[in-house]
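Inside the fold
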Amino acid sequence: MFRLGKKYWAVASLFVLAFCGCESTDITTLIEMETAQRPIEVKSVQDISYLDDCDDLLEGRVFFVKTDDNLVVCRNGGWVETDSSILRNSAPANEPVENPSKPSKNEPVVNSGIELSCPVNKRSSSKFCFDVIIRDFQANHPDFENFVEEYAGVTKRGVGKRDAIVSGKYPGYDELWYSKDMYHLTCGNKASHAGSAIGTDGLPLFANAALPPYLQQSSLQPALAYGECLESGRVRRGFYNNYINNPDMLAKACPGSRMAWSDEVYYTPGMVSSDLLFDSGDAGEYGMLNGARIVKAADLCDNQYFDQWFADVADVNKRTNTTLNLERVDGERGNFVVDYDYNNGGFFPLDSIDPATDMWVCSKPCGDSKDAHDQFGPQSLSIYCPPYDYEYASNQVDRFGYSTTNLCSSWLSYGGPRSVESGFGYSAAWNAAAAAGSLGLQHLRNYHFTVQAYAQFVYKAEDEGYLQFMSIDDMWVYVDGVLVHDGGGDHQTVPSPQISLNMLAANNHGCGAADPLASKMIDEGACNEYGWVDGSVHRIWVFYANRQTDGSAFFIRAKI
């Protein structure tokens, strides 16, 4: 017997008749489950074959069948039996729920109901929907805000930048920080020469052994470069466009070939395991989101506390459940994109930003709401401001062309990038932003968060679908539990090549004997000895970490 802490209300039989076509003699009342308030008992699920089809208006909604104590969910036009494990944040039978609309400091916040909000994504869908867990961290977390590009470099005066940083005595940059060579110097970048450079076709210059053999491709093209240029009087960041022929990458290239500065694009392969782990027990599709575990494979690129990044840890992070939508491209069926980068303001899902002024307005959403995103609030500025006498500080301007020299100086005077409490009750970034007025609010942002996203999609061979990704900082993507994109340990926009779904299908990706979901996929009829079954449902996970100011980019294309 399950005990569920959920508010509920009755739905009259006429309502049921209107939306699912059920006959009044078959069912009298459905009770819809919603937010936590008081417990009710639900017995094990019985035969529900007497229920007719549901429709889009009820998609994903869970009901308790009062006449026979069943729990059912509307899925893809039909009613499916389920159990209480899909109900998020349910209270134990012996524990009352206290003030459900105001969660405790580190309690998960649920924004999207009691079941996964997103249906299976199809070519005909109006959007491609991910269920998402966002975990917010403070700027002084040891794995974040480490300025590894500076750590390995030398100033124009020949002084090691890490020595200059430590001598500045800013909070969080001390001898302990200085001593972590094994973490700082293993990040892929031009200064450390660790990791691997990326070619202009989006492939690494060296094959990545963490990927399956059929994805272990390497580039024969020159190394990709990323930097800054001017376009129509505005500062723009993008790829140096010589030799680029990938359309999504070309769209993010600087026009022409004149760059104010550019650096080769590196990443850090091998930070994570090739396979996901899953919590024991069948928790339905919600378990595919909440119970999926990405595993650290090696100590690389400031991942000392990686086990905290995608797990709920009291007093370390705060959790929000929400959704992320990829929108149709120009109305084209089956072609979905989400695209955030420096040029359009960046990816800040915990902030409410005024689109007209680019100013921070409030932590999302504004107002006292039961759906509020549980977070620490903005503790950073969207400028590059390393904690020492940075030789380029006097030359830096933002994307609107405004100088950020004084803003950086003010941030450092209040304590710098890792100062989350400057002595005045707010972070150094908050105080610097307040002192700078509108310019400060245009740069006040909540960095230092992770995203764990999950979606299902229908595979059709004739559609010749593919996936493509780009991000700043860390992004790893798994399909059916097995790695397809390794984009960890970087602080430039790192692209993937186009990942063909037909290639994954032909290689039976995720259905090999040693793959973590193989038996589940076979039982569901998603694959057989010949590969993926046409029309079958497959799963995708995206793990993303935003760990460093000032860039923030997040791009996914799903063509299905």
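Residues numbered from 1 in each chain as written. Predicted model: local features only at pLDDT ≥ 70, side-chain atom pairs only at ≥ 80, totals over all residues. Heavy atoms only, no water.

Brief notes about the overall build of the chain
- Counting its regular elements, the chain contains twelve helices and 32 strands.
- Residue burial in the chain is summarised as follows: out of 560 residues, 54% are buried.
- Across the chain, every contact between residues at least 6 apart in sequence was considered, and the portion connecting residues at least 24 apart equals 71%.
- Approximately 23,100 Å² of the chain is accessible, and the part contributed by carbon and sulfur atoms is 49%. (Helix = DSSP H or I, 4+ residues; strand = E, 2+ residues; numbered from the N terminus. Buried < 20%, exposed > 50% of the residue type's maximum accessible area, 1.4 Å probe, protein only. Contact = heavy atoms within 4.5 Å. Areas by Shrake-Rupley, 256 points an atom, 1.4 Å probe, with all protein chains shown as cover.)

Details of the pattern of salt bridges
- This model, assessed by the stated rule, comprises 21 salt bridges.
- The salt bridge partner of Glu 391 is Lys 161, with a shortest N-O separation of 3.7 Å. Linking Glu 391 in the loop between β21 (380–381) and α8 (405–413) with Lys 161 in helix α3 (residues 161–167), this pair joins segments that are 230 residues apart in sequence.
- Overall, Glu 391 belongs to the partly exposed group, its relative accessible area being 21%.
- On the accessibility criterion, Lys 161 (10% relative accessible area) is buried. (Salt bridge = Lys/Arg side-chain N within 4 Å of Asp/Glu carboxyl O.)

Focus: the side chain of Ser 380
- Among the secondary structure elements, Ser 380 is positioned in strand β21.
- Classification of Ser 380 as buried rests on a relative accessible area of 0%.
- Here His 448 takes part through its side chain, which lies 3.5 Å from a polar atom of the side chain of Ser 380.
- The residues touching Ser 380, leaving out its near neighbours within four places in the chain, are Ala 139, Trp 411, Ala 429, His 443, Leu 444, Arg 445, Tyr 447, His 448 and Thr 549. (Polar contact = N/O pair within 3.5 Å; in protein donor to acceptor, adjacent residues only side chain to side chain.)

Some words on the pairing of strand β24 (residues 466–471)
- For β24, the buried fraction is high: six of the six residues fall into the buried class.
- Relative to strand β28 (residues 499–500), β24 runs antiparallel, the two being bridged by two bridges. By the bridge assignment, Tyr 466 is partnered in β28 with Ser 500.
- Note: β24 against strand β32 (residues 554–559), six bridges, orientation antiparallel. Bridging across to β32, Met 470 finds its partner in Phe 555.
- The pairing of β24 with strand β27 (residues 494–495) spans two bridges and is classified as antiparallel. (Pairing = 2+ DSSP bridges.)

Notes on the nonpolar core
- By size, the foremost hydrophobic cluster in this structure holds 68 residues, and its most contacted members are Phe 128, Phe 130, Trp 476 and Ile 540.
- Those residues in contact with Phe 130 that sit more than four places away from it in its chain are Cys 118, Thr 322, Thr 323, Leu 324, Leu 326, Ala 453, Tyr 454, Ala 455, Ile 540, Val 542 and Ile 556.
- Counting residues in hydrophobic clusters, the runner-up holds 15 residues, among them Tyr 226, Phe 239, Ile 244 and Val 337. (Core = buried A, V, L, I, M, F, W, Y, C linked by side-chain atoms within 4.5 Å.)

Considering the sheet that holds strand β12 (residues 234–239)
- Pairing is antiparallel in the open sheet, where three strands are placed in the order β12-β11-β13. For this open sheet the edge positions go to β12 and β13 (261–264), each flanked by a neighbour on one side alone. Neighbouring strand axes in the sheet, compared pairwise and without regard to direction, differ in orientation by 20° on average.
- Bridge analysis of strand β11 (residues 225–231) against β13 gives four bridges, and the strand direction is antiparallel. What sits directly across from Glu 228, in β13, is Trp 261. (Axes fitted to C-alpha atoms, helices over the stretch in contact; angles between N-to-C directions.)

Points about the packing of aromatic side chains
- Here the structure, examined in full by the defined rule, presents 31 aromatic pairs.
- Ring plane angle 70° and centroid distance 5.8 Å describe the contact between Tyr 226 and Phe 239, whose orientation is recorded as edge-to-face. Here the residue Tyr 226 occupies a position in strand β11, and Phe 239 occupies one in strand β12, the gap between them amounting to 13 residues. Phe 239 carries the same exposure label as Tyr 226, and that label is buried.
- The interplanar angle of 70° and the centroid separation of 6.1 Å between the aromatic rings of Tyr 388 and Tyr 390 together place this pair among those described as edge-to-face. Taken as a pair, Tyr 388 and Tyr 390 share a single burial class, namely buried.
- By the ring-pair criterion, three or more aromatic residues cluster together here, those being Phe 137, Phe 144, Phe 306, Trp 309, Phe 310, Trp 476, Tyr 478 and Phe 543.
- In this structure, Lys 318 packs its charged tip against the face of Phe 376, placed 4.8 Å from the ring centre. (Phe/Tyr/Trp six-rings, centres within 6.5 Å; stacked < 30°, edge-to-face > 60°. Lys NZ or Arg CZ within 6 Å of the ring centre and 35° of its normal.)

Points about the pairing of strand β31 (residues 537–546)
- In terms of burial, β31 is a largely internal element, nine of the ten residues being buried.
- Relative to β31, strand β23 (residues 449–458) is paired through ten bridges, and the arrangement is antiparallel. Residue Phe 449 lies in a different strand from β31, and its bridge partner there is Asn 546.
- Pairing of strand β25 (residues 474–479) with β31, which is carried by six bridges, proceeds in the antiparallel orientation. Bridging from a neighbouring strand, Met 475 pairs with Tyr 544 of β31.

What to know about the confidence of the model for the chain
- Across the chain, the average pLDDT comes to 81, with 77% of residues at or above 70.
- pLDDT under 50 marks residues 32–53. Its contacts with residues more than four places away, or in other chains, come to 89 contacts. (pLDDT = per-residue confidence, 0-100.)

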